[in-house]
Amino acid sequence: MLKANDLTVRYGALTVLDGVDFSVSPGQWLMILGPNGAGKSTIVNAVSQGVPYGGTISFNGTDIRRIKPTERAKCFGVLTQNHFVGYSFTVGEIVHLGRYAYRDRLFTAGTDDEAAVASALDATGMTPFRDKSVLTLSGGELQRAFLAQLFAQNPKLLILDEPTNHLDLVYQRQVFDLIGEWLSEPDRSVISVVHDLSLAKAYGTHALLLNGGNAVAFGTVDEVLTRERLHEVYSMDVFGWMNKMLGVWQEETE
């Protein structure tokens, strides 16, 4: 589905990504991992054409730089970690914006649009909020509203940059479960930038581990997230730390 070859991003003399290769196929959930400054969000910016880059990124064999923006919106959608909302649109209006690529005229909604919006609101549990201003929503509700916008957009690939950053545990679970349900449909894929290694292990099928702009490993989650590689990247015994944290909860339940 999506494939990157020799992906390189430079800002002057600073190389942020250095010849990174990765791919994601239908049914896969690729987790992009690494410490701060590893280049994770830069991959999202490159795929969404937000930064100039070297190398190639292709979608179903076509260089995405050759795909028109409206057609790219039908291929993949991007969910960022922060939404700075300064307008009083309703949730329904926000979700309707996900249908712009399917309209002959920007402000003309068709029957298919209404059905897609209703389905997206229902899937994310946001139907009761449809007529509420986004300015009144909690952080978790706001993230679900923008996730509903992506669902209404109906792309083949979701690209998520820290989708549960700063959210409470209950909202983290809700968002990741919703994405997992979306992925269960045929011919869909997900790429997520995450910091939480536990979420990566629980939900991901594949992983790309970055460090200093370089790809340390790419493959299935179990192949990539080994004790040795994580120690190399994070300069600590991640396995030991995770087991220690688990032990705290086990002791309290005994």
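Scroll up to find the structure this text is about.
We now turn to the structure provided with this report. These numbers were taken from a predicted model, which means no experiment stands behind them.

Working note: non-glycine residues mostly have negative phi, and peptide bonds are mostly trans. Its identity is not glycine, yet Gln49 carries a phi of approximately 65 degrees, on the positive side. One can find Gln49 in the loop between α1 (40-47) and β4 (54-59). One non-glycine residue, Asp187, lies in positive phi territory at about 60 degrees. Locating Asp187 in the fold gives a position in the loop between α6 (169-183) and β8 (189-193).

Along the chain, Ile191 falls in strand β8. Residue classification places Ile191 among the buried residues on the basis of a relative accessible area of 2%. Here the alpha-carbon distance between Ile191 and Leu160, two residues 31 residues apart in the chain, equals 6.1 Å. In this structure, Ile191 is in contact with Leu2, Phe22, Val24, Leu30, Ile32, Leu157, Leu158, Ile159 and Leu160, ignoring residues within four places of it in sequence.

Moving on, we get to the sheet that holds strand β10 (residues 214-220). Neighbouring strands of a sheet are bound in pairs by backbone hydrogen bonds; such pairs are parallel or else antiparallel. The six strands are arranged β6-β7-β8-β3-β9-β10 in an open sheet whose pairing can be described as mixed. The open sheet has two free edges, formed respectively by β6 (76-79) and β10, since each of these has just one partner strand. Here the average twist between neighbouring strands, direction ignored, is 15 degrees. With five bridges joining them, strand β7 (residues 157-161) and β8 adopt parallel strand pairing. Bridge pairing links Leu158 to Val190 in β8. Those strands touched by α1 are β3 (29-33), β6, β7, β8 and β9 (206-211), and its axis lies near 140 degrees from that of β7.

Attention now moves to the nonpolar core. Formed by 46 residues in total, the largest nonpolar core has its most connected members in Leu33, Val91, Val95, Leu137 and Val190. When residues of this core are assigned to their parent elements, the largest contribution, eight residues, is made by helix α5 (residues 139-153). Those residues within four positions of Leu137 in sequence are excluded, and the remaining contacts are Val91, Met126, Phe129, Leu142 and Ala145. With 30 residues, the next largest nonpolar core counts Met1, Ala46, Tyr53 and Leu210 among its residues.

On to the pattern of salt bridges, then. Under the criterion given, the structure shown has six salt bridges. In this structure, Asp113 and Arg99 form a salt bridge, with 2.8 Å as the shortest nitrogen-oxygen distance. You can see Asp113 sitting in helix α4 (residues 111-123) and its partner Arg99 sitting in the loop between α3 (91-96) and α4, a full 14 residues away along the chain. Accessibility assignment for this pair places Asp113 and Arg99 in one class, buried. With a closest N to O distance of 3.5 Å, Glu114 and Arg130 form a salt bridge. One end of the pair, Glu114, is in helix α4; the other, Arg130, is in the loop between α4 and α5, with 16 residues separating them in the sequence. Residue classification places Glu114 among the partly exposed residues on the basis of a relative accessible area of 36%.

Across the sheet, which stays open at both edges, the four strands sit in the order β2-β1-β4-β5 with antiparallel pairing between neighbours. Looking at strand neighbours, the two that pair on one side only are β2 (14-24) and β5 (62-63), the edges of this open sheet. Looking at chain direction, β4 and β5 are connected through two bridges and run antiparallel. When the bridges of β5 are listed, Phe59 appears paired with Thr62. The sheet strands contacting α1 are β1 (2-11), β2 and β4, and the helix crosses β1 at an angle near 110 degrees.

Cut-offs and rules
Residues numbered from 1 in each chain as written. Predicted model: local features only at pLDDT ≥ 70, side-chain atom pairs only at ≥ 80, totals over all residues. Heavy atoms only, no water. Helix = DSSP H or I, 4+ residues; strand = E, 2+ residues; numbered from the N terminus. Buried < 20%, exposed > 50% of the residue type's maximum accessible area, 1.4 Å probe, protein only. Contact = heavy atoms within 4.5 Å. Pairing = 2+ DSSP bridges. Axes fitted to C-alpha atoms, helices over the stretch in contact; angles between N-to-C directions. Core = buried A, V, L, I, M, F, W, Y, C linked by side-chain atoms within 4.5 Å. Salt bridge = Lys/Arg side-chain N within 4 Å of Asp/Glu carboxyl O.

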